[in-house]
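Listed here are the chains, written in short residue letters.
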Amino acid sequence: MTIDYHQLADRALEGGAPSREEAAWLLDAKDVELLRLVDAAYQPRRKHFGRKVMVHVLNNVQNGLCPEDCGYCSQNRDSGAAIRQYPMKDEQEIFAEAEAAARAGASRYCMVLSGRGPNLAYTRRLAEVIAEVKRRFPVEVCLSAGLVDDEKAKILAEAGLDRLNHNLNTSERHYPEICSTHSYADRLATLEAARRNGIETCSGLIMGMGEQTADLVDVAFQLRELEVPSIPLNFLIPIEGNQVTEDGSLTPERCLRAVCLMRLVNPAAEIRIAGGREGNLRSLQPLALYAANSLFVEGYLTTRGDAARDTYEMIRDAGFEVEGNPLYDADDARHGAFRIPGGGDQLLKPEIAADPVAGQ
Ligand code: SF4
C-alpha cells in the first residue's frame, strides 16, 4: 500500500479518518515514513489545539481493595503486586492535593478510585467532594471510579463533575483476555450513562496487553463512533505479580505510530499520552506531542518531583506551552517544587502509586 500523507492530513482536517486498512498499515508497515506521519497527525492537532499542552494531575484517592480481576492492574483481587492499600482519602487531603495540582498548572484534576464502582452512598460522598473542589479551585474535575449507572451519573452531573473516565482499554474481541469480572458491554454502558446525563466522557486504551493490530484499530474507531472527546493512550507498565504482563510489542516507534493514528482517527479529541509514556515512548516523547495535546504529570503526586520538572522542560523544549490556569506558577512547575497551600515550606510528599496505568 502507498499512502498519501497530505491526503491523510486533509481528511483529518475535515473531520474524516483513514480507512481501517490504512490504519492497520500505518501501525505495521515497514515503509511508513515516520516524520511524514507525525506531520500529518500534527495538522489536526494544530487546528484544534495550537501549541497548547493540557496537563492533568492524577490523584489515587482510593487504592487497592478491589474485587475485580483486570489483569493489568495491581489493585486487582488476584494480583500479587506489593501495593499500598487505603480506603478513600480524607477530604482535607484531597483538597490540598487539588490545590497543589492547580498550582502545578493542571487544567484538570483527576480523582481515581479503585473498585468495581461506587454504591449510592459513596457516590453522594464523592459528589460532595467534587462540588467543593470545583468551588475552591480553578480546575476541572475528572473522576475514574469504575462502573456507573444512570442514577449515579445524575448525582455526579449535578455536583458539577466535568468528565467521567472509563477506559475501554482494548477491543471487544480481546476484552475477555484481560478481565472476566465485568465485560466490554459494561464499560460501554458506563460511558453511555455518563453521556446521557450530560457528563463529558473520557475513555482510552492500554497498549501492550497481547492485543493484535486489529484490536488497536477497533478501539480507535470505537472511540470515534462514541465521539469520545478525551482519549488517554496508556502503554502497559508491566508489574510483577499482575496476570497481564509485557507482550514484547511496544517499541517507541510503535507507540508513536499509535499516538499519530489515534489523532488521525479522532482529529478533534484531546489525545493524551498517559501511563507508561516515559518508559515506552522514551526519547520519542517530544515527537508524540506533535500528535497528542495532553499528558499526565505523574511524578509529584505519585513518584518523584524530578519527573514533573522533566515533563515541563520537555514541553517547553519541544516548542509547546502549558495550558495553565490562574494559579499556575510556571517557575515552580519548571523546578518541580509544588507546595501544599498553607503548609509553609512543606513539600508535597511523593507517594508510590499502586496503579501506574492512568484511569481505569
Ligand atoms: S482497573 Fe479498576 S476495577 Fe479493574 S482491578 Fe483495577 S481498580 Fe479494580
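See the structure above.
This section reports on the structure supplied with the text. (Residues numbered from 1 in each chain as written. Predicted model: local features only at pLDDT ≥ 70, side-chain atom pairs only at ≥ 80, totals over all residues. Heavy atoms only, no water.)

### Details of the pattern of salt bridges
Throughout the structure, instances matching the rule amount to 24 salt bridges. Salt-bridge contacts for Arg 77 lead to Asp 78; the nearest nitrogen and oxygen are separated by 3.3 Å. Residue classification places Arg 77 among the partly exposed positions, given a relative accessible area of 47%. Exposure remark for Asp 78: the relative accessible area of 44% places this residue in the partly exposed category. Note that Arg 135 is salt-bridged to Glu 132, the shortest N-O span being 2.7 Å. On the criterion of helical spacing, the pair formed by Arg 135 and Glu 132 is a turn pair, its members being three residues apart in helix 5 (residues 120–136). Overall, Arg 135 belongs to the exposed group, its relative accessible area being 62%. By sharing partners, the salt bridges in this structure join Arg 108, Glu 140, Arg 163, Glu 200, Glu 270 and Arg 272 into a single network. (Salt bridge = Lys/Arg side-chain N within 4 Å of Asp/Glu carboxyl O. Buried < 20%, exposed > 50% of the residue type's maximum accessible area, 1.4 Å probe, protein only. Helix = DSSP H or I, 4+ residues; strand = E, 2+ residues; numbered from the N terminus.)

### What to know about the packing of aromatic side chains
Per the counting criterion, the structure on display carries three aromatic pairs. Through successive ring pairs, a cluster of aromatic residues spans Tyr 42, Tyr 290 and Phe 320. For the cation-ring pair, Arg 51 lies above Phe 320, with the distance from its terminal atom to the ring centre recorded as 5.0 Å. Of note, Arg 272 hangs over the ring of Phe 296, and the distance from its end group to the ring centre comes to 5.4 Å. (Phe/Tyr/Trp six-rings, centres within 6.5 Å; stacked < 30°, edge-to-face > 60°. Lys NZ or Arg CZ within 6 Å of the ring centre and 35° of its normal.)

### Remarks on helix 3 (residues 34–49)
A rise of 1.5 Å per residue sets the reference length of helix 3, with its 16 residues, at 22 Å; its end C-alpha atoms lie 22 Å apart and thus fit the reference within 8%. Considering bend angle alone, the principal kink of helix 3 is centred on Tyr 42 and spans about 25 degrees; proline Pro 44 follows within four residues of it. For helix 3, the elements touching its buried residues are helix 1 (5–13), helix 2 (20–28), strand 1 (52–62), helix 10 (252–265), strand 8 (270–273) and helix 12 (285–288). Just beyond helix 3, the residue with positive phi is Gly 50, at close to 60 degrees. (Expected span 1.5 Å × (residues − 1). Bend = angle between axes of the 7 residues up to and from the residue. Contact = heavy atoms within 4.5 Å.)

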